[in-house]
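So the chains spell out like this:
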Protein chains: 2
Amino acid sequence: MSKTKPIRIMSMGKYLPLSISSEVLEKEYGLPKGWSEKYSGVISRHKATTEHNGFMGARAAEEALEKGNMTLADIDLLISASGTYDYPLPNQASVIKAEMKDGNKYHFAAIDIDSTCLSFVAALEFATGILDGKRYKNILIVSSEISSKGLNPDNWETLTLFGDGAVAAVVSYQEYSDSKYIMGGQRTYSEGVYHTIIEGGGNRYFFKENPYNKELHSFKMNGKQLLKLARIKVPEFIDWFFKDLENTIDTVDAIIPHQASKAGISILRKLYKIDDKIVKETLHKYGNCIAASIPLTLMDAIDSGEVKRGDVCLLIGTSAGFSIGAALIKY
Amino acid sequence: MSKTKPIRIMSMGKYLPLSISSEVLEKEYGLPKGWSEKYSGVISRHKATTEHNGFMGARAAEEALEKGNMTLADIDLLISASGTYDYPLPNQASVIKAEMKDGNKYHFAAIDIDSTCLSFVAALEFATGILDGKRYKNILIVSSEISSKGLNPDNWETLTLFGDGAVAAVVSYQEYSDSKYIMGGQRTYSEGVYHTIIEGGGNRYFFKENPYNKELHSFKMNGKQLLKLARIKVPEFIDWFFKDLENTIDTVDAIIPHQASKAGISILRKLYKIDDKIVKETLHKYGNCIAASIPLTLMDAIDSGEVKRGDVCLLIGTSAGFSIGAALIKY
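Residues numbered from 1 in each chain as written. Chains lettered and ligands numbered in written order. Predicted model: local features only at pLDDT ≥ 70, side-chain atom pairs only at ≥ 80, totals over all residues.

Brief notes about the pairing of strand 12 (residues 312-319) of chain B
All names here are of chain B.
- Taken across its eight residues, strand 12 has seven buried, putting it largely inside the fold.
- One ladder, built from eight bridges, connects strand 12 with strand 13 (residues 323-330); its direction is antiparallel. Pairing of Gly-317 across the sheet is with Gly-325, part of strand 13.
- Linking strand 12 back to strand 13 in an antiparallel pair, the connection comprises three residues, with Gly-321 at a positive phi of about 140 degrees. (Buried ≥ 20, exposed ≤ 12 C-beta atoms within 10 Å, placed from the backbone. Helix = DSSP H or I, 4+ residues; strand = E, 2+ residues; numbered from the N terminus. Pairing = 2+ DSSP bridges.)

Considerations on the interface of chain B and chain A
- At the junction of the two partners, chain B supplies 59 residues and chain A supplies 59 residues.
- If you list the elements that add at least two residues to the side of chain B that touches chain A, you get helix 4 (92-99), strand 5 (109-114), helix 5 (119-130), strand 8 (180-188) and strand 9 (196-197) of chain B.
- The dominant element in the side of chain B that touches chain A, judged by the number of residues it contributes, is strand 5 of chain B, at six residues.
- Among the residues forming the side of chain B that touches chain A, the class breakdown is 26 nonpolar, 22 polar and eleven charged.
- Of the strand pairs in this sheet, strand 5 (residues 109-114) of chain A and strand 5 of chain B are connected by three bridges, and their pairing is antiparallel. When the bridges of strand 5 of chain B are listed, Asp112(A) appears paired with Asp114(B). (Contact = placed C-beta atoms within 7 Å. Nonpolar A, V, L, I, M, F, W, Y, C, P; charged D, E, K, R; others polar.)

So, helix 8 (residues 262-272) of chain B
Residues and elements named next belong to chain B.
- For helix 8, the full list of buried residues reads Gly-264, Ile-265 and Leu-268. The arc that holds every buried residue of helix 8, seen down its axis, measures 110 degrees, which confines them to one face.
- On its buried face, helix 8 is in contact with helix 7 (223-242), strand 11 (254-257), helix 9 (283-286) and strand 12.
- Just downstream of helix 8 lies Lys-273, where phi reads positive at about 50 degrees. (Arc of directions from axis to C-beta.)

Focus: the pairing of strand 7 (residues 165-173) of chain A
Residue and element names in this part refer to chain A.
- Taken across its nine residues, strand 7 has nine buried, putting it largely inside the fold.
- Neither face of strand 7 is open: one carries Gly-165, Val-167, Ala-169, Val-171 and Tyr-173, the other Ala-166, Ala-168, Val-170 and Ser-172, and all of them are buried.
- Here strand 1 (residues 7-15) runs beside strand 7; their pairing, made up of eight bridges, is antiparallel. Paired with Gly-13 across the strands is Ala-168, a residue of strand 7.
- Direction of pairing for strand 6 (residues 138-145) relative to strand 7: antiparallel, over a ladder of eight bridges. Its bridge partner being in strand 7, Ile-139 is matched across the sheet by Val-171.

Comments concerning the sheet that holds strand 5 of chain A
- Read across the sheet, ten strands follow the order 1(A)-7(A)-6(A)-4(A)-5(A)-5(B)-4(B)-6(B)-7(B)-1(B) without closing on themselves; strand pairing throughout is mixed. What marks the edges here is a single partner per strand, and that holds for strand 1 of chain A together with strand 1 (7-15) of chain B. When the angles between neighbouring strand axes are averaged without regard to direction, this sheet yields 25 degrees.
- Helix 3 (residues 53-67) of chain A rests against strand 1, strand 4 (77-80), strand 6 and strand 7 of chain A of the sheet, and its axis sits at about 130 degrees to strand 1 of chain A. (Axes fitted to C-alpha atoms, helices over the stretch in contact; angles between N-to-C directions.)

Here's the deal with the domain arrangement of chain A
Residues and elements named next belong to chain A.
- As far as domains go, chain A holds domain 1 (7-177) and domain 2 (181-330).
- For domain 1 and domain 2, the distance between their C-alpha centres works out to 15 Å.
- Taken together, the contact pairs 45 residues of domain 1 with 41 residues of domain 2.
- Top contributing element to the side of domain 1 that touches domain 2 by residue count: helix 5 (residues 119-130), with seven residues.
- In terms of residue class, the side of domain 1 that touches domain 2 is built from 18 nonpolar, 20 polar and seven charged. (Domains from an automatic or database assignment.)

Some remarks on the relation of the copies chain B and chain A
- Superposing chain B onto chain A takes a rotation of 180 degrees combined with a translation of 0.0 Å along the rotation axis, leaving an RMSD of 0.0 Å. Within this description, the copies of the chain are treated as partners about a two-fold rotation axis.
- A shared interface surface links the copies, since 100% of the contact residues of chain B are contact residues in chain A too. (Least-squares fit on C-alpha atoms with pLDDT ≥ 70 in both.)

So this is what it looks like as structure tokens:
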């Protein structure tokens, strides 16, 4: 098939700050004991204390390089694929590169790709597009997310759902490997553009005229509307995505969904009656880590042996905007 | 050459808010008359009043489509290629798409690519990578920038230098056209990562603990250090960029530089003794419009007839991070 390309995820690395259990979180914010697990499905998540996005991303990237027996000299491009950031400017990829050991010694490009929770999947699609084994042999994709600052403590749903963490992957053009990028794509359904939003902090509600308040500057989601829209659009998306492929959603070896929420993860299970073992889940221990969720879940599945070389994996999720996106890879 | 690809900029569109002359700006902020033109080279720039990034980007994109005799039905992907944004979340491309007439009716992907001032050039490189005439036939790249909010009135250099504006291009895979994407690339020199920065407003100096102050939340640049670094790195970059190409910097028909500053634009002129007519300039009337500067300058040169079909154009600039990037196209 013309769509496949010999792209291989060579290695992955991660950095997780301190873990905080739901029990501790519930005590700290005065929530009933057990609320978090019952309603969000999250038992613990990680939370940055002194770390920032650049630091966490750099550590994850270094681990990915080390595991792949590579150094920065092998890298042709660093993509930061995240929804959160250290500074409005410069771009996050530049910060991650500068934070890496020897980051100043090499001059590969550092560019951000942002499709909120689908940033890693979008980065994989663009990386696949430019990887050619010549100018671009190895690309480092880093998703480093700190969600905890942008949460409203009065909103228990989001307070207990989100987590922080960073993950990185070295993605390479490997003509003689069995690995493949089979297909990727995203569709943006603009009717849901403001179902998830952080209103304050950009040009629309600029800080100067809009001092911090937890309502304006925190992540808001209209969970019910989102789920309703997802239930309608996911089947449309799946039909579009698999239209010209040999694979079907029933025949993939593993589904790595965005860990959006308990209900979000079960949409695919319910719609397509997919075996629970096929759909990988890390929500209970990491929470929703925005763009880092899909690669963190993939990395865990690889490390635990649940995903092996040669397995066909569907990375799939929803993101603010409102988008659905996926990548089908032979790992 | 293997690097060339049959990519054609089909059409462009722009949206500019009200123009504000340097005389008016100087009066408003108590600057000596003539300071702006003398030191920044800017006689007038545009400044958003009620407009926001999404609105301006949508109008520019609509104009580009109209000029190309296309509709949203022809578009496979919208890339927002900008350094500034309406909201921390969702991503800017989703906002632009939703703001466009009939934006809700079509479901092409909306993704951001951010390399600050080089975002348009980076987007062109990635767009070229995935354009294949099949899944991706036509991509809409939009750079919509509002710099005016992030300026410190006490810093006359930046206050008078920057402008607001939006510009869009439809970029297509056109096998039988004479147009070509010859080469693109970026190099990031991390030693200059914080020479340009907006410190406040991300996770590093979060608004909650850091209320607005014009020093922390405004654009800062170490102009002298930047120029010094650029003078050293531009020749290295040019050597790297043209190494395997038939073209040289002396033989291109037009150079479209980022309108970084008066001194920034003249680096290439001075280093390579390039004819003034080859290097296009819009700084005096638009100021530095971040990522919109390169495409605005290209569009002006096309509209005025200075750049014609078949001309070889070098889009080139610097960006925060610190990066140098370029794209060589046969328009």
